[in-house]
Amino acid sequence: MERTARKALHAAFPYTIPIFAGFWFLGLTYGVYMNVSGFSFWYPMLMSLTILAGSMEFVTVHLLLGAFNPLQALAMTLMINARHLFYGISMLDRLKGTGWKKFYLIFGMCDESFSINYTAKIPPEVDRGWFMFWVTLLNHFYWFFGSTLGGVFGSFLHFNTEGLDFVMTAMFVVIFLEQWLKEKRHYTAFIGIGVSVLCLLFFGADQFLLPAMGGILVLLIFLRKPLEQGREEG
Amino acid sequence: MNISQQIITIGMVVLGTMITRFLPFIIFPANKPTPAFVQYLGRTLPAAVFGMLVVYCLKNVQLLTGSHGLPELIAIGAVVALHLWKRQMLLSIAGGTAVYMLLVQLVFPAA
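Read on for an overview of the structure. Since the model is a prediction, treat every value here as computed from it, not as a measurement.

Notes on the overall build of chain B
So, point 1. Scanning chain B from N- to C-terminus turns up four helices and zero strands.
So, point 2. Each helix (α) and strand (β) of chain B, taken in turn from the N terminus, gives the series α-α-α-α.
So, point 3. The C-alpha atoms of chain B give 20 Å as radius of gyration, which overshoots the globular expectation for 111 residues (13 Å, by more than 25%).
So, point 4. A principal-axis box enclosing the C-alpha atoms of chain B has dimensions of 60 × 45 × 25 Å.
So, point 5. Residue burial in chain B is summarised as follows: out of 111 residues, 44% are buried.
So, point 6. The contacts in chain B between residues at least 6 apart in sequence include a share of 36% that link residues at least 24 apart.
So, point 7. Total accessible area computed for chain B in this model is approximately 5700 Å², and 70% of it derives from carbon and sulfur atoms.

Quick word on the packing of aromatic side chains
For any pair of aromatic rings, the description consists of the separation of the ring centres together with the inter-plane angle of the planes.
So, point 1. Scanning the entire structure with this criterion turns up 27 aromatic pairs over all chains.
So, point 2. Ring centres 5.5 Å apart and planes at 80° place the aromatic pair Tyr15 of chain A and Phe131 of chain A in the edge-to-face group. Highlighted residues: Tyr15 of chain A in helix 1 (residues 2-36) and Phe131 of chain A in helix 8 (residues 128-153), separated in sequence by 116 residues.
So, point 3. A residue is classified by how much of its surface remains accessible, and Tyr15 of chain A, at 35% relative accessible area, is partly exposed.
So, point 4. What links up through ring pairs into an aromatic cluster is the set Phe20, Trp24, Phe141, Tyr142, Phe144 and Phe145 of chain A.
So, point 5. The residue whose ring lies beneath Lys86 of chain B is Trp85 of chain B, and the NZ or CZ to ring-centre distance is 4.7 Å.

Focus: the environment of Gly51 of chain B
So, point 1. Relative to the helices and strands, Gly51 of chain B is located in helix 2 (residues 36-57).
So, point 2. Here Gly51 of chain B is in contact with Phe176, Gly192 and Ile193 of chain A, once residues within four sequence places are set aside.

Notes on the pattern of salt bridges
Residue and element names in this part refer to chain A.
So, point 1. In total, this model carries three salt bridges over all chains according to the counting rule given.
So, point 2. The salt bridge partner of Glu2 is Arg6, with a shortest N-O separation of 3.2 Å. One end of the pair, Glu2, and the other, Arg6, are both in helix 1, four residues apart, so they sit about a helical turn from each other.
So, point 3. On the accessibility criterion, Arg6 (45% relative accessible area) is partly exposed.

Things to note about the interface of chain A and chain B
So, point 1. In this assembly, 93 residues from chain A lie in contact with 67 residues from chain B.
So, point 2. For the chain A face of the interface with chain B, the top three residues by lost area are Phe68, Leu92 and Phe166 of chain A, together amounting to 10%.
So, point 3. Linking chain A to chain B there are one salt bridge.
So, point 4. Our enumeration of links across chain A and chain B arrives at 13 residue pairs in polar contact (both at pLDDT 80 or more).
So, point 5. Ranked by residues supplied to the side of chain A that touches chain B, first place goes to helix 9 (residues 166-182) of chain A with 15 residues.
So, point 6. When grouped by side-chain class, the residues that make up the side of chain A that touches chain B number 63 nonpolar, 18 polar and 12 charged.

What about the nonpolar core?
In summary, soluble globular proteins display a tendency toward joint burial of nonpolar side chains.
So, point 1. Core analysis: the biggest nonpolar cluster contains 101 residues, and Val59, Met76, Phe131 and Phe172 of chain A together with Leu53 of chain B have the highest contact counts within it.
So, point 2. Three or more residues apiece are contributed to this core by two domains, here domain 1 (2-156) and domain 2 (183-233) of chain A.

As for the side chain of Thr169 of chain A
So, point 1. In this fold, Thr169 of chain A is placed in helix 9.
So, point 2. Setting aside chain neighbours within four positions, we find Thr169 of chain A in contact with Cys57, Leu58 and Ile76 of chain B.

Remarks on the layout of surface pockets
So, point 1. Reported here for the second largest pocket is a volume of approximately 670 Å³.
So, point 2. In terms of lining, the second largest pocket is formed by 23 residues, of which the most central are Val197 and Leu200 of chain A together with Leu58, Val61 and Leu63 of chain B.
So, point 3. At the level of secondary structure, the elements contributing two or more residues to the lining of the second largest pocket comprise helix 9 and helix 10 (187-203) of chain A together with helix 2 and helix 3 (70-86) of chain B.
So, point 4. Per element, the largest residue contribution to the lining of the second largest pocket is five residues, and it comes from helix 3 of chain B.
So, point 5. A per-class count over the lining of the second largest pocket returns 18 nonpolar, three polar and two charged.

Basis of the calculations
Residues numbered from 1 in each chain as written. Chains lettered and ligands numbered in written order. Predicted model: local features only at pLDDT ≥ 70, side-chain atom pairs only at ≥ 80, totals over all residues. Heavy atoms only, no water. Helix = DSSP H or I, 4+ residues; strand = E, 2+ residues; numbered from the N terminus. Rg over C-alpha atoms; globule rule 2.2 N^0.38 Å. Buried < 20%, exposed > 50% of the residue type's maximum accessible area, 1.4 Å probe, protein only. Contact = heavy atoms within 4.5 Å. Areas by Shrake-Rupley, 256 points an atom, 1.4 Å probe, with all protein chains shown as cover. Phe/Tyr/Trp six-rings, centres within 6.5 Å; stacked < 30°, edge-to-face > 60°. Lys NZ or Arg CZ within 6 Å of the ring centre and 35° of its normal. Salt bridge = Lys/Arg side-chain N within 4 Å of Asp/Glu carboxyl O. Buried area = accessible area lost by both parts, 1.4 Å probe. Polar contact = N/O pair within 3.5 Å; in protein donor to acceptor, adjacent residues only side chain to side chain. Nonpolar A, V, L, I, M, F, W, Y, C, P; charged D, E, K, R; others polar. Core = buried A, V, L, I, M, F, W, Y, C linked by side-chain atoms within 4.5 Å. Domains from an automatic or database assignment. 1 Å grid on protein atoms, 1.4 Å probe; cavity = no way out; pocket = protein on both sides within 12 Å on 5 of 7 lines; lining within 4 Å. Points joined across faces, edges and corners; volume = space filled by probe spheres on them.

Structural data, given as structure tokens:
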């Protein structure tokens, strides 16, 4: 078994190198961001271990700084991470027969680990379960160390960090743009922005999220026919 | 928020994340096709949610006072331009954030 594991590690590591660069950078920024928001390094450290969903962890900083509202925290997490449902659905078959590793593979299925494990062409002589296990564990590790280091060293930073919180905006703009470029039609992107802006105007900055999430879901459900038709024609 | 409220909040985020990751394996047996409605949401929800999150990030921008949202507008323009040009996620994020930090620190300092 040891040989199988080592062989899989050799095959898996190269796939994670780009994530290595990305997670250290984003993790460090996230740790520093938590630090300048007034949280000790324990927060990014424990959150990177237990949540392991980068964009959601940035949002959690906001949630922690706002008023206590566990229901909104849960609803927001479900909406933001809803995409994981579809990762899971796509991985149902691939995770079969991975034994005890399956639990961790599901637990650690962040965007990056999913993309690698879903798309990687694993050589037939390499154990699939171990390959995916290493990909997930390495990515988890990069994120954990980046975030913790950022949290520890954030307090030693002596340059002006004002405006650093824009990193979250920039990240979501990029993700939104990537999504936009992938799609032929942009109705749902407009629904997301339109409903959110309307709710922001009506309910104010602190109350608009839940109505916005509800509104988006309702609109998507009611507009299913035209949206699906558009898809077939486009 | 006190410490136990913080723990509950983080716990909710962990719970929500785990629900989204484990649910498919609990409710959809691998040998059956996924319901069409779930597939539909899978295709349409991401774009809408990320649009909502961009608005969420900008929710405290004041258009009528202060810098009128100009630093945000310029920096988002920089992110989009960088991303369309190089298509390198990290470069776009780092570049846009640097532009924003320069703008709010040097060009539009708060009074």
